[in-house]
Amino acid sequence: MARPLALGVLLSGGGTNLQALIDAIAARALDARIGVVVSNQAAAGGLARARTHGIPSVVVPHGDFPSRAAFDTRLVEVLHAHGVELVVLAGFMRLVTPVLLGAFPARVLNIHPALLPSFPGLHAERQALEHGARVTGVTVHFVDEHADHGPIILQIAVPILPDDDEERLHLRIQRQEHRAYAQAIQWIAEGRIRIDGRHVLVDGAPIDADATLASPGVSQRTSS
Ligand code: GAR
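Residues numbered from 1 in each chain as written. Predicted model: local features only at pLDDT ≥ 70, side-chain atom pairs only at ≥ 80, totals over all residues. Heavy atoms only, no water.

1. Quick notes on the site of the ligand
So the rule is basically this: Whether a residue is near a molecule or strand depends on its heavy atoms: it is near if one of them lies within 4 Å of it. Two N or O atoms count as a polar contact when they lie within 3.5 Å, although within protein this holds only if one can serve as hydrogen donor and the other as acceptor, and sequence-adjacent residues are included solely when both atoms are side-chain atoms. Only the protein chains shown count as cover for residues, and all accessible areas are computed by the Shrake-Rupley method using a 1.4 Å probe. The way it works is that DSSP assigns letters per residue, a run of H or I at least four long becomes a helix, a run of E at least two long becomes a strand, and they are numbered from the N terminus. Ten residue types, Ala, Val, Leu, Ile, Met, Phe, Trp, Tyr, Cys and Pro, are classed as nonpolar, four, Asp, Glu, Lys and Arg, as charged, and the remainder, Gly among them, as polar.
Around the ligand, a shell composed of 14 residues is seen, among which Gly15, Thr16, Asn17, His112 and Glu177 lie nearest. A distance of 3.4 Å is found between an oxygen atom of the ligand and a backbone nitrogen or oxygen belonging to Gly14. Take Asp148: an N or O atom from its side chain is 3.0 Å from a nitrogen atom of the ligand. The fraction of the free accessible surface of the ligand (450 Å²) that becomes covered by protein chains is 88%. Only helix H1 (16-26), strand E5 (108-112) and helix H6 (166-189) provide two or more residues apiece to the shell around the ligand. Looking at which element gives the most residues to the shell around the ligand, the answer is H6, with three residues. Here the shell around the ligand is built from residues that sort into three nonpolar, nine polar and two charged.

2. A few points about the environment of Arg51
With respect to the helices and strands, the residue Arg51 is situated in helix H2 (residues 45-52). On a C-alpha basis, the gap between Arg51 and Val37 in space is 9.3 Å, while along the polypeptide they are 14 residues apart.

3. Describing the packing of H1 against H2
The condition that has to hold: Between N-to-C directions, angles span 0 to 180 degrees; the directions come from axes that are lines fitted to C-alpha atoms, helices contributing only their stretch in contact. Between 65 and 115 degrees an angle is taken as roughly perpendicular, under 35 as roughly parallel, over 145 as roughly antiparallel, and anywhere else as oblique. Two helices cross in a left-handed way if the nearer one is turned anticlockwise from the farther one by less than a right angle. They cross in a right-handed way if the turn is clockwise. Contact between two residues is taken to exist if any of their heavy atoms lie within 4.5 Å; hydrogens are not considered.
Axis separation between H1 and H2 bottoms out at 9 Å; the angle between their running directions is 20 degrees. Between H1 and H2, the angle is such that the two are roughly parallel. Classified by chirality, the crossing of H2 by H1 is right-handed. Where H1 abuts H2, its residues Thr16, Leu18, Gln19 and Ile22 lie against Gly46, Arg49 and Ala50.

4. Some remarks on the environment of Ala50
The cut-off we apply is this: Residue burial is assigned from relative accessible area. The probe radius is 1.4 Å, only protein chains are included, and a residue is buried under 20% of its type maximum, exposed over 50%, and partly exposed in between.
With respect to the helices and strands, Ala50 occurs in helix H2. Ala50 gets classed as buried once you look at its relative accessible area, which sits at 0%. For the pair Ala50 and Leu18, spaced 32 residues apart in the sequence, the C-alpha separation amounts to 8.2 Å. Setting aside anything within four residues of it in sequence, one finds Ala50 in contact with Leu18, Val37, Ile55 and Ser57.

5. Some thoughts on H1
Residues of H1 that are buried include every one of Asn17, Leu18, Gln19, Ala20, Leu21, Ile22 and Ala24, and no others. Summarising the contacts, the buried residues of H1 are in contact with strand E1 (5-11), strand E2 (32-39), H2, strand E4 (86-89), E5 and H6. Of the residues trailing H1, Arg28 is marked for its positive phi of about 60 degrees.

6. With respect to unusual backbone geometry
Put simply, Leu116 and Pro117 share a cis peptide bond, and its omega is 10 degrees. Position of Pro117 relative to the elements: it lies in the loop between E5 and helix H5 (124-131). Here the amide bond leading from Ser215 into Pro216 is cis, since omega sits at 0 degrees, within 30 degrees of zero. Here Pro216 shows up in the segment after strand E9 (199-202). Not every positive phi belongs to a glycine, and Arg28 is a case in point at roughly 60 degrees. Checked against the element boundaries, Arg28 lands in the loop between H1 and E2. On the basis of relative accessibility, which here comes to 75%, the residue Arg28 falls in the exposed class. Positive phi, close to 50 degrees, is recorded for Ala106, a residue that is not glycine. Relative to the elements of secondary structure, Ala106 occurs in the loop between helix H4 (98-103) and E5. Judged by its relative accessible area of 49%, Ala106 falls in the partly exposed class.

7. Quick look at the layout of surface pockets
Operational definition: Points on a 1 Å grid, built from protein atoms alone, make a cavity when a 1.4 Å probe fits but cannot get out and make a pocket when they are open with protein on both sides within 12 Å along at least 5 of 7 lines; residues with an atom within 4 Å of a point are the lining residues. Grid points are joined across faces, edges and corners, and a volume is the space filled by probe spheres set on the points.
What the largest pocket holds in volume is close to 830 Å³. Contributing elements (two or more residues each) for the lining of the largest pocket: H1, E5, H5 and H6. When residues of the lining of the largest pocket are assigned to their parent elements, the largest contribution, five residues, is made by H6. Class assignment of the residues belonging to the lining of the largest pocket gives a composition of 13 nonpolar, 15 polar and seven charged. Approximately 620 Å³ is the volume attributed to the second largest pocket. Residue lining of the second largest pocket: 19 residues in total, with Leu154, Gln155, Ile156, Pro206 and Ile207 positioned closest to the centre. Secondary-structure elements contributing two or more residues to the lining of the second largest pocket are strand E7 (152-159), H6 and E9. The element that contributes the greatest number of residues to the lining of the second largest pocket is E7, accounting for six residues.

Rendered as structure tokens:
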């Protein structure tokens with residue numbers, strides 16, 4: 001069997017996506033190991049999750065560095081020191097620079113709580129609610145120099161309900177994030193992903209051409 005893919009998880013917050021990866025690895029649904037968890041926030045809840053599971057964790061406070069590039073140089077040192085092969089941003093609220101992207105070409109992933117390119121940036125759920133969108137969701141994508149922008153690997157749509165507030169919508173999106181991230185990383189671990197410009201090809205992944213999500217539901221039938 002191939003050796004597990006070594007992940008470096010970067011986060012700034014509570015780390016439920018980190019936890020989902022830990023759980024997927026434990027359940028043998030993800031052939032990976034987490035080499036290190038890195039946070040720019042000393043108080044990030046994700047660091048405690050790492051410690052609980054015996055995963056090395058490192059705090060790199062961004063305020064200690066004179067530039068984004070200097071901060072990323074330190075991140076790269078930490079990731080290399082822990083043998084990381086794939087960098088996984090999981091609620092990491094910093095823009096990455098060519099320093100990190102150059103050290104891990106096509107090997108940096110992000111997850112975002114919206115169907116990109118809709119609602120990039122902060123408070124994606126709030127943006128979707130304020131816009132009056134009926135459907136939003138989750139995007140897993142490769143990272144480039146622009147926020148929430150690189151080639152898309154996987155999206156899952158989530159309906160917005162009439163009585164949703166930000167928290168309720170966030171919790172439903174989060175459940176789908178936890179499925180989506182482990183799946184996308186497993187495809188990479190299996191060597192099934194190829195990038196062609198903005199397009200990501202996933203070898204052998206099924207797509208239901210007739211699947212739809214209407215919100216509100218639609219009773220009309222198609223004529224064909
Ligand atoms: C997740 O919802 C993730 O999609 C979002 O931060 C949250 C982190 O949650 N990331 C972004 O908005 C990136 N633009 P977690 O700490 O519980 O994993």
